[in-house]
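Chains, contacts and geometry: an overview
Chain residues, written in single-letter form:
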Amino acid sequence: MKDLTLSKPTFIIDKKKSIDKIEAMFKKATRQGVQLRPHFKTHQNYEIGTWFREVGVRAITVSSCEMAEYFAFDGWNDITIAFSVNLNEADKINSLSSRINLNILLEDIEVVTSLEEKLTNKVGVFVEIDTGYKRAGLNPADTETIGQLLKKISTSDKLIFKGFLTFAGHSYFAQGEAEIQRVFNQYMDDMLRLKEKFGRAFPSLKLSAGDTPTCSIASNFRGVDEIRPGNFLFYDLMQVLIGSCKREQVSAIVACPVVAIHKERQEIIIFGGAVHFSKEMLTTPEKGAFYGDVVELSGKGWKTEETGAYVSWISQEHGVVKAPASFIERVKVGEFIGVIPVHSCLVANLMKGSTLIIN
């Protein structure tokens, strides 16, 4: 980057673009009377957390006790750990729940019994529902098991039932807005049926949903009480190809030094590999499997136009960029090029020690 001094792979975040998206999502949720509880695993950063706070966000989602501790230290006091509770971390849950309003996630009656023995403070509980991702959670049609679990929770003096939570991760396999909307409609139907089924016995139960594709595309949240998107803060190449966003909305890239050029192979070698990008990949008929799209850097930012160059494979530290001759002619060893990552959440986690916020 001509206007920045860089020496190694660096995660570059465009502050203005990111804040614009936070404001847009917050306004969208507020207009519909829905709470925005964004997932902070995307950025894991105090400074970026203040961008949400300044917009009006007061409650957040994380994916671990450690992450909850990190943000509780920064003053966030309403936190949901959206990961199946780990009974081996009861001490951490007790410490957190003594200081903040903490919600945890469960789906197993035996876990309720164990928590009753281990917990020292009241903790909010969301029951996880699997609405199609097939990762964790109870089948929404299995109302008998769900009812037994709720009955067990209701007898506890430590666990406070808050509602049902789902993550429609299968939206990440969608192609285009129409398919994303179909995923949204299906999981909303499932969640609303549960609310209708158990709402009389638990009138204050909330529905918590959220994934970046459906939260980005849906225009009517139809009775959900809170949404938990995270990746929308940056977006990435996966979200572009899914149809969640436009390429110009991506607000984070990795700037990588060029260490070698092989014109005869139409390849550029960069300092940027699996330890920077992870090994998450995308596949298209034109490129096969690839690990990111290459963009040209400009001033303190980057150009959004496609260059025809992409990261074709990676090892631990190296990345190999396939590029047309016209792009290779504009590149020199020692310069930096930008890479739109496949999955920005993973990259942000890997690059926590080498992040630069611009604008």
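Each chain has its residues counted from 1, running along the sequence as written. Under the rules for a predicted model, residues below a pLDDT of 70 receive no local features and side-chain atom pairs below 80 are neither given nor counted, while totals for whole chains, interfaces and linings still include all residues. With hydrogens and water stripped out, all remaining heavy atoms of the structure feed into the side-chain values.

Along the backbone of the protein chain there are 12 helices and 20 strands. Whereas a compact globule of 359 residues would reach a radius of gyration of roughly 21 Å, the protein chain reaches 22 Å, a difference of no more than 12%. If one aligns the C-alpha atoms of the protein chain with their principal axes, the spans along those axes are about 70 × 40 × 35 Å. Should any heavy atoms of two residues lie within 4.5 Å, those residues are counted as being in contact. When contacts within the protein chain are restricted to residue pairs at least 6 apart in sequence, those whose partners lie at least 24 apart make up 67%. Averaging the coordinates of the 43 positive side-chain charges in the protein chain and doing the same for the 43 negative ones gives two points 3 Å apart. Strands here mean DSSP runs of E at least two residues long; helices mean DSSP runs of H or I at least four residues long; both are numbered from the N terminus. Every radius of gyration here is taken over C-alpha atoms, with the globule rule written as 2.2 Å times N^0.38, N being the number of residues. Under the counting rule used here, the positive set is Lys and Arg, the negative set is Asp and Glu, and His together with the chain ends is not counted. Positions of charges follow a simple convention, taking NZ of Lys, CZ of Arg, CG of Asp or CD of Glu.

Let's shift gears to unusual backbone geometry. Although it is not a glycine, Gln44 sits at a positive phi angle of roughly 50°. Here Gln44 is to be found in the loop between strand 2 (35–36) and helix 2 (46–55).

This part is about the environment of Ala168. Positionally, Ala168 belongs in the loop between strand 7 (159–166) and helix 7 (177–198). Taking the C-alpha atoms as reference points, Ala168 and Thr131, separated by 37 residues in sequence, lie 6.4 Å from one another.

What follows is about the layout of surface pockets. Definitions used throughout: a 1 Å grid over protein atoms alone; a cavity as a set of points that fits a 1.4 Å probe which cannot get out; a pocket as an open set with protein on both sides within 12 Å along at least five of seven lines; a lining residue as one with an atom within 4 Å of a point. Grid points are joined across faces, edges and corners, and a volume is the space filled by probe spheres set on the points. Its volume calculated, the largest pocket comes out at about 750 Å³. Residue lining of the largest pocket: 33 residues in total, with Lys41, Tyr133, Arg135, Phe167 and His343 positioned closest to the centre. Partitioning the lining of the largest pocket into residue classes produces 15 nonpolar, 12 polar and 6 charged. In this classification, the charged set is Asp, Glu, Lys and Arg, the nonpolar set is Ala, Val, Leu, Ile, Met, Phe, Trp, Tyr, Cys and Pro, and all remaining amino acids, among them Gly, are polar.

Along the chain, the position of Ser18 falls in helix 1 (residues 15–31). Contacts of Ser18, omitting those with residues within four sequence positions, involve Ile13, Trp51, Leu233, Phe234 and Ser251.

This brings us to the packing of aromatic side chains. Classification of ring pairs rests on two measures: the distance between centres of Phe, Tyr or Trp rings, Trp counted by its six-membered ring, which must be within 6.5 Å, and the angle between planes, read as stacked under 30 degrees, edge-to-face over 60 and tilted in between. Here the structure, examined in full by the defined rule, presents 16 aromatic pairs. Here the aromatic rings of Phe40 and Phe52 are separated by 4.9 Å at their centres, their planes lie at 50°, and the arrangement is tilted. Separated by 12 residues along the polypeptide, Phe40 in the loop between strand 2 and helix 2 and Phe52 in helix 2 bring together distant segments of the chain. Both residues of the pair, Phe40 and Phe52, belong to the buried class. Each residue is placed in one exposure class: buried if its accessible area under a 1.4 Å probe, protein chains only, is under 20% of its type's maximum, exposed if it is over 50%, and partly exposed if it falls in between.

Position of His343 relative to the elements: it lies in the loop between strand 19 (336–341) and helix 12 (344–350). In sequence terms His343 and Gly176 are 167 residues apart; their C-alpha atoms lie 18 Å from each other. With sequence-adjacent residues up to four places away left out, His343 is seen in contact with Asn231, Asp236, Met238 and Glu280.

Listing the buried residues of helix 4 (residues 90–97) in full gives Ala90, Ile93, Asn94, Leu96 and Ser97. Take helix 4 and look down its axis: the buried residues cluster within an arc of 165°, on one side only. Where helix 4 is buried, its residues contact helix 3 (65–73), strand 4 (78–84), strand 5 (101–106), helix 5 (109–118) and strand 6 (123–129). Taking the helix axis as origin, the arc is that swept by the directions to the C-beta atoms.

Attention now goes to the pairing of strand 7. A regular strand places its side chains on the two faces of the sheet in alternate fashion. Within strand 7, 6 of the 8 residues are buried, which leaves it mostly tucked inside the rest of the structure. Only when DSSP finds a minimum of two bridges between them are two strands counted as paired. Sheet analysis places strand 6 next to strand 7, joined by 7 bridges and oriented parallel. When the sheet's bridge partners are listed, Phe126 is paired in strand 7 with Gly163. Note on handedness: a clockwise path from strand one over the helix to strand two, with the strands aimed away from the viewer, defines a right-handed crossover. Where the polypeptide runs from strand 6 across helix 6 (residues 143–154) and back to strand 7, its parallel neighbour, the crossover connection is right-handed. Pairing analysis gives 3 bridges linking strand 7 to strand 8 (residues 206–209), with the strands arranged parallel. In the strand pairing of strand 8, Gly163 is matched with Lys206.

Here we take up the pattern of salt bridges. Each salt bridge in this description consists of a side-chain nitrogen of Lys or Arg and a carboxyl oxygen of Asp or Glu lying within 4 Å of one another. Applying the stated criterion across every chain, the model contains 16 salt bridges. Two residues, Arg222 and Asp189, come together in a salt bridge whose shortest N-O distance is 2.6 Å. Of this pair, Arg222 sits in the loop between helix 8 (212–217) and strand 9 (226–227) while Asp189 is found in helix 7, placing the two residues 33 residues apart along the sequence. Using a relative accessible area of 28% as the deciding quantity, one classes Arg222 as partly exposed. Classification of Asp189 by relative accessible area gives partly exposed; the value is 32%. For the salt bridge of Lys322 with Glu267, the shortest nitrogen-to-oxygen distance reads 3.0 Å. Remark: Glu267 occurs in strand 11 (residues 267–271) and Lys322 occurs in strand 18 (residues 318–322); sequence separation between them is 55 residues.

With that out of the way, let us pick up empty space enclosed by the protein. One pass over the full model with this rule turns up 1 cavity of 30 Å³ or more. Looking at the largest cavity, its volume works out to about 40 Å³. Taken together, Glu128, Ile129, Asp130, Tyr133, Arg135, Ala136, Thr166 and Phe167 make up the full set of residues lining the largest cavity. Split by residue class, the lining of the largest cavity holds 4 nonpolar, 1 polar and 3 charged.

To continue, consider the pairing of strand 17 (residues 310–314). Among the 5 residues of strand 17, 4 are classified as buried, and the element is accordingly described as predominantly covered. Pairing between strand 17 and strand 18: 4 bridges, direction antiparallel. In the sheet register, Tyr310 faces strand 18, and the bridge partner there is Lys322. Counting the residues in the hairpin turn of strand 17 and strand 18 gives 3 residues.

Structural measurements only, silent on function.
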